[in-house]
Amino acid sequence: MALNTEKKVSEAINYRRSVRNFKVDPIDVEKVKECIHLATLAATSSNMQLWEFYHIVSPEILAPLAKASFDQGAAKTAQQMVVIVARKDLWRKRMQSNIAFLKWQYGNKPEADYSKREKFAMNYYKKIIPSIYSDFLGILGMIKFIAFQIIGIFRPIYRQARQSDMRIVAHKSAGLAAQNFMISMSAINYDTCPMEGFDSLRVKKILNLPSSSEINMIIGCGIREENGVYGARFRVPFEEVYYKI
Ligand SMILES: Cc1cc2nc3c(=O)[nH]c(=O)nc-3n(C[C@H](O)[C@H](O)[C@H](O)COP(=O)(O)O)c2cc1C
């Protein structure tokens, strides 16, 4: 479903600012939901989609969430909130979903009839993904990490396979989804503020999330008050971050 009267991508990117004071005017739950749907179309590492999106519309949950977010303006005045959760712990389930999708895409034919490319993709989810994601208390990850460093002396190899590396992998993709969401909101004149200033343990308790999940970001949503943006946009000079090689 396309959103009506959307801005151009560059306009939406320019319009997006972190808003710390939202109007009391409500925003449309369905439109925000559609922006969350667009968030799920973000690029994601190995298409593993190790994320979940909690769309908070109930005042009974918004209030404790704002408190767990230190009552900062972007949380206290938000009309709705979106909590993006990184779910590295769901890797087996997502791997199975990818395998099921591939089988369906291949027309459920016997494996012997797979083309070279089909075999490679299936092998990726059946063998490579488990070899990267499987871990036991961080020990297996560390062993893999050391082994990969040694193999890496002789040939290029994927080096980041520790527990902490895989957390980053999940958070990277969740961050891309967050940006997709904020740009989609901006395109329809809705405002957002991404937040990492919160008590993650309390947030997980409020949302009934397992300890194995990790809060990636809480995004306050609403429409900006006139004083909602705290100042002119500041970015370090482009030349300081742009390297043409
Ligand atoms: C991961 C992340 C966490 C952030 N956490 C907070 C936060 O807790 N509270 C807040 O007011 N702003 C937060 N921000 C907003 C940044 O301060 C803001 O993006 C930055 O100052 C640039 O301003 P702009 O978003 O208006 O361009 C966060 C932004 C990101 C990307």
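Note that the structure is a prediction, hence the values are computed from the model and not measured.

Thresholds, definitions, all that
- Residues numbered from 1 in each chain as written.
- Predicted model: local features only at pLDDT ≥ 70, side-chain atom pairs only at ≥ 80, totals over all residues.
- Heavy atoms only, no water.
- Helix = DSSP H or I, 4+ residues; strand = E, 2+ residues; numbered from the N terminus.
- Buried < 20%, exposed > 50% of the residue type's maximum accessible area, 1.4 Å probe, protein only.
- Contact = heavy atoms within 4.5 Å.
- Areas by Shrake-Rupley, 256 points an atom, 1.4 Å probe, with all protein chains shown as cover.
- Pairing = 2+ DSSP bridges.
- Salt bridge = Lys/Arg side-chain N within 4 Å of Asp/Glu carboxyl O.
- Axes fitted to C-alpha atoms, helices over the stretch in contact; angles between N-to-C directions.
- Parallel < 35°, antiparallel > 145°, perpendicular 65-115°, else oblique.
- Left-handed = near helix turned anticlockwise from the far one by under 90°.
- Nonpolar A, V, L, I, M, F, W, Y, C, P; charged D, E, K, R; others polar.
- Phe/Tyr/Trp six-rings, centres within 6.5 Å; stacked < 30°, edge-to-face > 60°.
- Lys NZ or Arg CZ within 6 Å of the ring centre and 35° of its normal.
- Expected span 1.5 Å × (residues − 1).
- Bend = angle between axes of the 7 residues up to and from the residue.

Undergrad: It is not clear to me how the overall build of the protein chain should be interpreted in this structure. Could you clarify?
TA: Assigned secondary structure in the protein chain consists of 10 helices and 4 strands. Tracing the protein chain from N to C terminus, the helices and strands come up as α-α-β-α-α-β-α-α-α-α-β-α-β-α. Taken over the C-alpha atoms alone, the protein chain extends approximately 60 × 45 × 40 Å along its principal axes. Across the 245 residues that make up the protein chain, the buried fraction comes to 40%. Long-range pairs, those at least 24 residues apart, make up 78% of the contacts in the protein chain with a sequence separation of at least 6. Surface exposure of the protein chain reaches about 14,700 Å², of which carbon and sulfur atoms provide 58%.

Undergrad: Whenever I open this one, the pairing of strand β3 (residues 191-195) confuses me. Can you help?
TA: Within a regular strand, the side chains alternate between the two sheet faces. Counting buried positions over the 5 residues of β3 gives 4, a clear majority of the element. Across 5 bridges, the pairing between β3 and strand β4 (residues 214-222) is antiparallel. When the bridges of β4 are listed, Thr192 appears paired with Cys221.

Undergrad: Help me out: how do you make sense of the pattern of salt bridges in this one?
TA: Oppositely charged side chains can pair when the atoms bearing their charge come close. Enumeration over the complete set of coordinates arrives at 8 salt bridges. With its nearest N and O atoms 2.9 Å apart, the salt bridge here joins Glu52 to Arg87. Pair noted here: Glu52 is in strand β1 (residues 51-56) and Arg87 is in the loop between β2 (80-86) and α5 (91-105), with a separation of 35 residues, a long-range link. A salt bridge links Lys109 to Glu118; its shortest N-O distance comes to 3.1 Å. What makes Lys109 partly exposed here is its relative accessible area of 29%. Members of the salt-bridge network, linked through shared partners, are Glu52, Arg87 and Asp89.

Undergrad: Mind showing me how you'd approach the packing of helix α2 (residues 29-39) against helix α8 (residues 163-187) here?
TA: Describing two packed helices takes the angle between their axes plus the distance from one axis to the other. At a minimum axis separation of 8 Å, α2 and α8 run at an interaxial angle of 140°. With respect to each other, α2 and α8 are oriented oblique. For α2 against α8, the interelement crossing comes out right-handed. Note on element contacts: α8 touches α2 through Ala177, Asn180, Phe181, Ser184 and Met185, opposite Val32, Cys35, Ile36, Leu38 and Ala39. Of the residues assigned to the contact of α2 with α8, the class counts are 8 nonpolar, 2 polar and no charged.

Undergrad: Help me out: how do you make sense of the packing of aromatic side chains in this one?
TA: Pairs of aromatic rings are described using the distance from one ring centre to the other and the angle between the two planes. With the rule as written, the count across this model stands at 6 aromatic pairs. Sitting above the plane of the Tyr15 ring, Lys7 keeps its charged end 3.9 Å from the centroid. A cation sits over an aromatic face here: Arg224 above Tyr15, 3.9 Å from the ring centre.

Undergrad: Before we go on, may I ask you to explain the pairing of β4 in this structure?
TA: Burial analysis of β4 places 8 of its 9 residues in the buried class, the great majority of the element. Across 7 bridges, the pairing between β2 and β4 is antiparallel. Counterpart to Ile84 in the pairing with β4 is Met217.

Undergrad: I keep staring at the side chain of Asn98 and nothing clicks. Help me out?
TA: For Asn98, the position within the fold is in helix α5. Excluding anything up to four places from it in sequence, Asn98 contacts Ser46, Asn47, Met48 and Tyr125.

Undergrad: Help me understand the environment of Cys193 in this model?
TA: Structurally, Cys193 can be placed in strand β3. Look past the residues within four positions of Cys193 in its chain and what remains in contact with it is Ser18, Val19, Arg20, Phe22, Ala74, Ile218, Ile219 and Gly220.

Undergrad: What's the story with the sheet that holds β3 in this structure? I'm lost.
TA: By definition, the strands of a sheet pair up through backbone hydrogen bonds, in either a parallel or an antiparallel sense. Spatially, β1-β2-β4-β3 is the arrangement adopted by the 4 strands of the open sheet, whose pairing is antiparallel. Only two strands of the sheet have a single neighbouring strand rather than two, namely β1 and β3. Across the sheet, the axes of successive neighbouring strands diverge by a mean angle of 20°, strand direction being ignored. This element, α2, spans β1 and β2 of the sheet and lies at about 170° to β1.

Undergrad: What should I look at first to understand helix α6 (residues 116-133) in this one?
TA: Given 3.6 residues per turn, any residue in an α-helix points the same way as the ones three and four places further on. Across its 18 residues, α6 extends 24 Å between first and last C-alpha, which sits within 8% of the 26 Å expected from 1.5 Å per residue. When the local axis directions of α6 are compared, the greatest deviation, roughly 40°, occurs at Tyr124. Those residues of α6 that fall on the buried side of the exposure criterion are Glu118, Met122, Tyr125, Ile129, Pro130, Ile132 and Tyr133. Where α6 is buried, its residues meet α5, α7 (139-151) and α8.

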